[in-house]
Amino acid sequence: MDHPRRLIDLHTHSTASDGSISPSDLIDLADKRKLAAVALTDHDTTAGLTEAAQRAELYPQLGFIAGIEISAIFDENPGGIMHILGLDIDSDSMVIKKLCVRLREARQQRNPEIIAKLQSLGLDINMADVLEQVAGSHDPNVRVVGRLHMAMVLVKKGFVNSIQDAFAKYLGGDAPAFVDKERLTPREASAAITKSGGAAVLAHPVQLPCHNSAQLKRLLRDLIDVGLAGIECYHSQHSPEQTRTFLGLARELNLLITGGSDYHGHGKPDVSLGIPRVPLSIIRSDYAKKWFSDSE
Ligand code: AMP
Ligand code: ZN
Ligand code: FE
Ligand code: FE
């Protein structure tokens, strides 16, 4: 596809979930980085998508893709992280909106449980502290509050030295204040994304507790059977070798290839928008035409 710009970032977060910059600022930054396209993929919410899409109209060379990131159950290992990205969803779809309401209600139960556990471990933290970390002017009924916000409070209050430390000592899967959240089955997540017009993409496969590529291939085949369309081959946590492995699997299984940074702003200071460099040319041409047609 002929496009004046060559690089894309299809995995980012804004203040509508646990990113630290607003959807508008994210779009401004994507244009400054000279990206050909950016997708906003907040956790469990479409709250930032309208603002981002409107802002992107200012930049004729920047394509905007509406997205979401949903947590799913990994059957083989219930503690394992499986995130599914929905790319190019219709942000007004009632299917996705209803799903977001359900996931947010589950978080409203879970967040006080995590805070109570932190308090029982002797830490002085309450919900008001957490809400102070939630930047932006999004409707409180649609934005998402999660563990990264709590990690920021723990750093700010000096209980831990870093976000990583907060997850290792308190909030992570094996840590004492962990409370799992409601997760969908991969079938439910993929179906909701597909019904909303989007492509369901397995996010950051490196985070799955798969020990080798044969195991990952088996998993991918199962996921394809329930509606998976693509795999995020490029991600800020993937080594070049891992990216090559994922690209090989994508080609073998005829999956869409995508990639992004998983940018969160200062909550994840080591991750920059547009890094790793993801070539626009990896996007299959029929999708590239559909996704980036506005930006030509
Ligand atoms: P939640 O959706 O509330 O479970 O929170 C998920 C957020 O926490 C995502 O932004 C993750 O990237 C972040 N997260 C999970 N584990 C870690 C970790 N070990 N270090 C840093 N961030 C993490
Ligand atoms: Zn996040
Ligand atoms: Fe994720
Ligand atoms: Fe993410």
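Check the entry above for the structure.
What comes next concerns the included structure.

What counts, and at which threshold
Residues numbered from 1 in each chain as written. Chains lettered and ligands numbered in written order. Predicted model: local features only at pLDDT ≥ 70, side-chain atom pairs only at ≥ 80, totals over all residues. Heavy atoms only, no water. Helix = DSSP H or I, 4+ residues; strand = E, 2+ residues; numbered from the N terminus. Buried < 20%, exposed > 50% of the residue type's maximum accessible area, 1.4 Å probe, protein only. Contact = heavy atoms within 4.5 Å. Salt bridge = Lys/Arg side-chain N within 4 Å of Asp/Glu carboxyl O. Arc of directions from axis to C-beta. Near = heavy atom within 4 Å. Polar contact = N/O pair within 3.5 Å; in protein donor to acceptor, adjacent residues only side chain to side chain. Areas by Shrake-Rupley, 256 points an atom, 1.4 Å probe, with all protein chains shown as cover. Nonpolar A, V, L, I, M, F, W, Y, C, P; charged D, E, K, R; others polar. Donors = N, O, S within 2.8 Å, 3.2 Å for Na, K, Ca; no water.

Section: the environment of D18
Structurally, D18 can be placed in the loop between strand 1 (7-9) and helix 1 (23-32). What makes D18 buried here is its relative accessible area of 11%. In sequence terms D18 and R147 are 129 residues apart; their C-alpha atoms lie 8.4 Å from each other. Once residues within four sequence positions are removed from consideration, D18 is found in contact with H13, H43, L148, H149, M152 and H264.

Considering the pattern of salt bridges
The tally for this structure, following the rule as stated, stands at 13 salt bridges. K156 serves as the salt-bridge partner of E132, at 3.4 Å between the closest nitrogen and oxygen. One end of the pair, E132, is in helix 4 (residues 127-133); the other, K156, is in helix 5 (residues 147-156), with 24 residues separating them in the sequence. A single burial state applies to E132 and to K156, both of which are exposed. For the salt bridge of K169 with D165, the shortest nitrogen-to-oxygen distance reads 3.4 Å. With K169 and D165 both in helix 6 (residues 163-171), this residue pair falls four residues apart, about one helical turn. If you follow the salt bridges from partner to partner, you end up with D124, D129 and K157 in one network.

Regarding helix 2 (residues 49-56)
Among all positions in helix 2, only L49, A52 and A56 are buried. Within helix 2, the buried residues cover an arc of 65° as seen down the axis, which keeps them to one side. Contacts from the buried residues of helix 2 go to helix 1, strand 2 (37-40) and strand 3 (63-72).

Focus on the site of ligand 1
Within the structure, ligand 1 sits among D18, H43, R107, R110, G146, R147, Q164, F167, K181, H264 and K268. D18 places a side-chain nitrogen or oxygen 2.9 Å from an oxygen atom of ligand 1. Interatomic distance of 2.8 Å between a side-chain N/O atom of R107 and an oxygen atom of ligand 1. Taking 500 Å² as the accessible area of ligand 1 by itself, protein coverage stands at 83%. For the shell around ligand 1, the per-class residue count stands at one nonpolar, four polar and six charged.

Some details on helix 1
Along helix 1, seven of the 10 residues are buried, which leaves the element largely enclosed by surrounding structure. Considered for burial, the residues of helix 1 that qualify are P23, S24, L26, I27, L29, A30 and D31. K34, located one to two residues past helix 1, shows a positive phi value of around 60°.

Brief notes about the coordination of the iron ion (ligand 4)
Protein coordination of the iron ion (ligand 4) is provided by H11 (NE2), H13 (NE2), E69 (OE) and D262 (OD), with donor distances spanning 2.1 to 2.2 Å. Read from N- to C-terminus, the donor residues coordinating the iron ion (ligand 4) fall into the pattern H-x1-H-x55-E-x192-D. Here the iron ion (ligand 4) and the zinc ion (ligand 2) are spaced 4.9 Å apart. Taken together, the positions of E69 in strand 3 and D262 in the loop between strand 7 (256-260) and strand 8 (278-279) put the pair 193 residues apart, joining distant regions of the chain.

Considerations on the environment of S14
Counting through the fold element by element, S14 comes out in the loop between strand 1 and helix 1. With a relative accessible area of 0%, S14 lands in the buried category. Here the alpha-carbon distance between S14 and D25, two residues 11 residues apart in the chain, equals 8.8 Å. The contacts of S14, once residues within four sequence positions are left out, are G19, I21, S22, P23, L40 and D42. Here the side chain of S14 touches D42 through a polar contact of 2.7 Å, side chain to side chain.

That's the geometry; what it means functionally is another story.
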